[in-house]
Amino acid sequence: MMPGAAASSHDAVVDVLVIGAGGCGLVAALAANDLGAEVAVVEKQDRPMGNTVLSSGSIPGAGTRFQRAAGIVDSPDLYMADLAAVTGPHEALHLTERLAGHSARLVEWLVDRAGIELTLIDTYKHVGHSVHRLHAPPDRRGETLMAGLLKAADARGIPVAFGNPARELLVEGGRVVGAVTETAHGETARIAAAAVVLAVNGFAAAPDLLAAHCPVAAAAPYAGAPGSQGEALRWGAALGAGFGNLGAYQAHASFADPHGTLVTWTVVEKGGIVVDATGTRFGDETLGYSAFADEELARTGPFFVIYDDRIAEMVGAGQPDFAELGALGGFAAGDSAEALAARIGADPDLLADTLAETALAADGTLACPFGRTAWGGGLSHTHLRATRIAPAVLHTQGGLMVDREARVLTAGGEPIAGLYAGGGAAVGISGLSGSRGYASGNGLLGALGLGHIAGTAAVRDRLSAAA
């Protein structure tokens, strides 16, 4: 038991209490356990259903041994440069540096200590990355990543209590010393802890907070985790915490309508395009799935992602969710622009012009009017497919201001003793506002990276204070 954890007036006492059992919370618990701490995790949902589960499980790592084995030269400095080009200036540049520098260690720790199977994605470069640096489970599913983290926690005997929401933080003398939790039967328990890690996700499912900080996102459909209800912001405000990048969020331009399944942006990266109801392109799709959502939100749908059989087969082979969408008939098909236009209700002449212009831009004959220069393998004029899509908001990218060790800070920049945060609860590294600053993997890097940093710092800070 760490110094400072004992409290006889409480129902339970642990060294580190983690609030939230998503990717951030489980990594924080495992990291604290690495240093010998007694850890408990509480989660308000009755099963894993946070944003890590909904993700593709892709984690950026700059300079990993997996990159070196593939002959890829990468470094934290290159990663920071890539991020800066996407995000621009924002209020957490210290975390951009910290997380970029920690990313390779995180990926290798997940494999070596948490037992997660990760492979380097080297078949295409993701949005915002100049080299291959995303590492993911072989099936590209966040639920597989979460299953592995839960298995690791169970193997170490770390209790994870689902259906046990935290209702309030316990504070004594300005220090956070635990939390009040509630069981599914309505019984409350006071859990004392030397340190508390907030891993409760963001506020995209809290209409009042979203309208206050991300009004554009508030008008869009929500497709993220239902538990993203902003507890961290509300608790932090009561403690005088500072906040950062509250206007930033991640959106996705490509949710199948009406299926609700995410249509991977790899379809675009391999040569697909996005058109409006008339069959006309309206922006550079290689801005990325989050940034391009802003283009769609500024217009009236429906929208369609256009691709061909080659792209469908290539993407489906590596991403089962996309293959399943195809098997369910989540597309219209046509052997010509005219035939496809008839299936989706577009103007046949406009769609034919769009495809002709796309072909000329892809082979370098014509400059794309929107500035797109990367065309993957191009797009054929036959064996075409179209999936109707709509934009949606996934999660917020701003939150409690934290320092380089994930300690929550006051508005004046002083640490709030005993309190740490990561993931959606903490400030992100995806720009100051809007959806254009999001690079692939930013969410999971903030979740798992800050989780690992927070779990480690929560133990080391207490041991250092007691020395």
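In the block above lies the structure referred to throughout.
Student: Quick question: what am I supposed to make of the sheet that holds strand β5 (residues 134-136) here?
Tutor: One key point about sheets: their strands pair by backbone hydrogen bonds, in either a parallel or an antiparallel sense. Reading across from one edge, β3-β5-β4 is the order of the three strands in this open sheet, with antiparallel pairing throughout. Taken across any chain shown, the strands that pair with only one partner, and hence form the sheet edges, are β3 (59-60) and β4 (119-120).

Student: Help me out: how do you make sense of the packing of aromatic side chains in this one?
Tutor: Here the structure, examined in full by the defined rule, presents five aromatic pairs. A ring pair is formed by W265 and F292, whose centres lie 5.9 Å apart and whose planes are at 45°; its orientation type is tilted. Taken as a pair, W265 in the loop between β11 (247-256) and α10 (266-269) and F292 in helix α11 (residues 289-297) lie far apart in primary sequence, 27 residues in all. As far as burial versus exposure is concerned, W265 and F292 are alike and both buried. Judged by centre distance (6.2 Å) and plane angle (55°), the ring pair of Y289 and Y438 falls under tilted.

Student: Before we go on, may I ask you to explain the environment of L400 in this structure?
Tutor: When you line up the elements, L400 lands in strand β16 (residues 399-400). Looking at L400, the relative accessible area reads 0%, which means it is buried. In this structure, the C-alpha to C-alpha distance between L400 and G242, residues 158 residues apart in sequence, is 6.0 Å.

Student: Is there a simple way to explain the packing of helix α1 (residues 23-34) against helix α6 (residues 142-155) in this structure?
Tutor: Relative placement of two packed helices is described by the angle separating their axes and the distance separating the axes. Relative to each other, α1 and α6 sit at 30°, their axes nearing to 10 Å. Regarding the angle of α1 to α6, the classification is roughly parallel. Seen along the crossing, α1 lies across α6 with a hand that is left-handed. On the side of α1, the interface is formed by G23, L26, V27 and L30, while α6 contributes M146, L149, L150, A152 and A153. Grouping the constituent residues of the contact of α1 with α6 by class yields eight nonpolar, one polar and no charged.

Student: Sorry if this is basic, but what is going on with a negative patch on the surface here?
Tutor: Together, E338, D347, D349, D353 and E357 make up a negatively charged patch on the protein surface. Broken down by element, the residue count for the negative patch peaks at three residues, all from helix α15 (residues 348-362). When you line up the elements, D353 lands in helix α15. The class of D353 is exposed, set by a relative accessible area of 51%.

Student: What is the right way to read the side chain of Q67 from this model?
Tutor: Tracing the backbone shows Q67 in helix α3 (residues 65-69). Owing to a relative accessible area of 0%, Q67 belongs among the buried residues under this scheme. In this structure the side chain of Q67 is engaged in a polar contact, spanning 3.4 Å, whose partner is the backbone oxygen of G61. Each residue touching Q67, except ones within four places of it in the same chain, is listed here: G61, A62, I72, D74, L120, V131, H132, R133 and H135.

Definitions and limits used
- Residues numbered from 1 in each chain as written.
- Predicted model: local features only at pLDDT ≥ 70, side-chain atom pairs only at ≥ 80, totals over all residues.
- Heavy atoms only, no water.
- Pairing = 2+ DSSP bridges.
- Helix = DSSP H or I, 4+ residues; strand = E, 2+ residues; numbered from the N terminus.
- Phe/Tyr/Trp six-rings, centres within 6.5 Å; stacked < 30°, edge-to-face > 60°.
- Buried < 20%, exposed > 50% of the residue type's maximum accessible area, 1.4 Å probe, protein only.
- Axes fitted to C-alpha atoms, helices over the stretch in contact; angles between N-to-C directions.
- Parallel < 35°, antiparallel > 145°, perpendicular 65-115°, else oblique.
- Left-handed = near helix turned anticlockwise from the far one by under 90°.
- Contact = heavy atoms within 4.5 Å.
- Nonpolar A, V, L, I, M, F, W, Y, C, P; charged D, E, K, R; others polar.
- Patch = residues over 30% accessible without salt bridge, like charges linked within 9 Å, V, L, I, M, F, W, Y side chains within 5 Å.
- Areas by Shrake-Rupley, 256 points an atom, 1.4 Å probe, with all protein chains shown as cover.
- Salt bridge = Lys/Arg side-chain N within 4 Å of Asp/Glu carboxyl O.
- Lys, Arg positive; Asp, Glu negative; His and termini not counted.
- Charge placed at Lys NZ, Arg CZ, Asp CG, Glu CD.
- Polar contact = N/O pair within 3.5 Å; in protein donor to acceptor, adjacent residues only side chain to side chain.

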